[in-house]
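# Remarks on the overall topology
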Amino acid sequence: VQLQASGGGLVQAGGSLRLSCTASGRSFSNYGMGWFRQAPGKEREFVAAISGNGGNTNYADSVKVRFTISRDGGWNTVSLQMNSLQPEDTAVYYCAADRTAKIYVSSDPDRYDYWGRGTLVTVSS
């Protein structure tokens, strides 16, 4: 079972990036998927999550309105569209899968069973 995150990079403040997380090794169609991030010197924090059935989403207050999480074709890919990026969004972004979140989503990282390697997002001022 692997989760592969991609799409990170360097962007100026106000710009946009789209992160993708592709799951392989099994079907994740019933798994909730989440994005977390960790900035240098800080703890990992919740960013956004979407339920296994795609019907529920949850966002951290700091990214609400600016970020959008979605499940793409085949349900094994989850995207995070990030708009109006700010320097404080600079972090390593991780995707994760929660096998119990078919309907509801969680912001608690301990609920997630699988984690991918992160992708670095750097926002310059």
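Presented here is an overview of the structure given in this document. (Residues numbered from 1 in each chain as written. Predicted model: local features only at pLDDT ≥ 70, side-chain atom pairs only at ≥ 80, totals over all residues. Heavy atoms only, no water.)

## Some thoughts on the packing of aromatic side chains
How two aromatic rings sit relative to each other is given by the distance of their centres and the angle of their planes. With the rule as written, the count across this model stands at seven aromatic pairs. Here the aromatic rings of Phe28 and Tyr114 are separated by 5.9 Å at their centres, their planes lie at 75°, and the arrangement is edge-to-face. Taken together, the positions of Phe28 in the loop between β3 (17-24) and β4 (32-38) and Tyr114 in strand β10 (residues 114-115) put the pair 86 residues apart, joining distant regions of the chain. Residue Phe28 is classed as buried on the basis of its relative accessible area of 0%. For the pair Phe36 and Trp115, a centre-to-centre distance of 5.0 Å together with 50° between the ring planes defines the contact as tilted. With Phe36 in strand β4 and Trp115 in strand β10, the pair connects residues that are 79 residues apart, well separated along the chain. (Phe/Tyr/Trp six-rings, centres within 6.5 Å; stacked < 30°, edge-to-face > 60°. Helix = DSSP H or I, 4+ residues; strand = E, 2+ residues; numbered from the N terminus. Buried < 20%, exposed > 50% of the residue type's maximum accessible area, 1.4 Å probe, protein only.)

## Focus: the pairing of β3
Burial of the side chains of β3 is restricted to one face: Leu17, Leu19, Cys21 and Ala23 are buried, whereas none of Arg18, Ser20, Thr22 and Ser24 on the reverse face is. Bridge analysis of strand β1 (residues 2-6) against β3 gives five bridges, and the strand direction is antiparallel. Each bridged residue has a counterpart across the sheet, and for Ser6 the counterpart in β3 is Ser20. Pairing analysis gives six bridges linking β3 to strand β8 (residues 77-82), with the strands arranged antiparallel. Looking at β8, one finds that Thr22 is bridged to Thr77. (Pairing = 2+ DSSP bridges.)

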